[in-house]
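Results of the structural survey
Single-letter residue listing:
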Amino acid sequence: MANDLTTPLTGRKRKSGSQRPHLPVARTLFAVLALIAVAFVLRLVLTDDPNGGRPSQEVAIASTRNSNEVANQVSTGPVTITADPQQFHAGSSITSVPSGTSDAGSIASLPDIFGALPELSEETGAGPIPRMSTSGQTPFAAYARPVDPATTSGMAMIAVVVTGLGINEQGSLDAIDQLPDDVTLAFAPYGKTLTTTVAAARSAGHEVLLEIPLEPFDFPQNDPGPQTLLTGEPLRANLEKLFWLMARFGGYVGVINNMGARFTASAADFSPIMEELGARGLGYLDDGSSNRSLANQLAGGNKVPFSRADLVIDANPSRQAILAALASLEAKALENGQAVGIVSALPISVAAVTEWSRDLESKGIVLVPASALMK
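1. Comments concerning the pairing of strand 3 (residues 121-124)
- As judged from the 4 bridges shared by strand 3 and strand 4 (residues 127-130), these two strands associate in the antiparallel manner. Bridged to Ser121 within strand 4 is Pro130.
- Where strand 3 folds back on strand 4, the antiparallel hairpin that results is connected by 2 residues.

This is the structure in structure tokens:
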């Protein structure tokens, strides 16, 4: 019948007592809502800032690179990373900090997220990298292995740094288990399981360093690896590489060079990198491979904690040669009060250093982490 109208939503028929035209209200409302939804989606897709137009104000949390304009452009700016309770493994705990706490010492009690304390992390396009906290706490101070002055009083000090860790997971874990806790471990930035191996090292009490590849004189025939910092490159390019390297893992006190005789001899290229390390509160350990390195002077000018290795312990990777090199390191420490040795993560080197360390105290020598000798 002409007067039988079907209700759009229910499909039922109803009688109409008049001939007034029926307005499809439900369909009209549905169409309006659909247009609103489409407009909202288009706004999200086509607009860089979905919150544009809302009242807002940006406030800098901290500035660590005011003097380095290129670094300011490369980084996305200081951002404090918020701890997610779901990221903690079973059995761990979260330490709450009272609001308004700004004491630097309290930062050390904060939970460790992916190897880095939230207050000492800054987000970049490459990932989180170290920075000073708002209260002036530095990663170098926060992540350094503590040394009891009573144990070093009147003793010569030796720091041993094991390099090349992180690429071979099982080999790295074996070295972590065997080596004394005071041995500092340097991790290459290329391992697939760096987060877990570095966490294992720090959980065992070891202090860690990040290896950064720097250009040698015979590059590219002798190539330290991907993201090598090069002489003659634009500053922005080297800073982007540095940030990528620094974001591989967290919780390190500083960096150690991998090769780099050409790069560390070039003040124009090396100076901005050392400036960045100083602004972020990181240390620099020179592996001692180049007498032309400007690391000592540049570190002093940028207030970067610094030390230089005195000896490569396993230049000849045989047990007898390694023990002889360690004896030479002892002599240097007794003569100068301290010495730093570099050794690779070869199983024979790890075993020799572990064996040698057991009798040190009887010789008037104490093993300390590298940070204890970085001034």
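2. Some thoughts on the pattern of salt bridges
- Using the criterion set out here, one finds 9 salt bridges in the structure.
- Put simply, Glu215 and Arg262 hold a salt bridge, and the shortest N to O gap is 3.4 Å. Of this pair, Glu215 sits in the loop between strand 7 (208-214) and helix 8 (235-246) while Arg262 sits in helix 9 (residues 261-264), and the two are 47 residues apart along the sequence.
- Residue Lys241 is joined to Glu233 by a salt bridge in which the shortest nitrogen-to-oxygen separation is 3.7 Å.
- Owing to a relative accessible area of 15%, Lys241 belongs among the buried residues under this scheme.
- The class of Glu233 is partly exposed, set by a relative accessible area of 30%.
- One connected set of salt bridges, linked through shared partners, spans Glu122, Glu276 and Arg280.

3. Some remarks on helix 6 (residues 169-178)
- Those residues of helix 6 lying buried are Ser172, Ala175 and Ile176. One side of helix 6 carries all its buried residues, which in axial view fall inside an arc of 100°.
- Summarising the contacts, the buried residues of helix 6 are in contact with strand 5 (156-165), strand 6 (184-187), helix 7 (194-203) and helix 13 (347-357).
- With a side-chain oxygen positioned 3.2 Å from the backbone nitrogen of Gln170, the residue opening helix 6 is Asn168.

About the cut-offs
Residues numbered from 1 in each chain as written. Predicted model: local features only at pLDDT ≥ 70, side-chain atom pairs only at ≥ 80, totals over all residues. Heavy atoms only, no water. Pairing = 2+ DSSP bridges. Helix = DSSP H or I, 4+ residues; strand = E, 2+ residues; numbered from the N terminus. Salt bridge = Lys/Arg side-chain N within 4 Å of Asp/Glu carboxyl O. Buried < 20%, exposed > 50% of the residue type's maximum accessible area, 1.4 Å probe, protein only. Arc of directions from axis to C-beta. Contact = heavy atoms within 4.5 Å. Polar contact = N/O pair within 3.5 Å; in protein donor to acceptor, adjacent residues only side chain to side chain.

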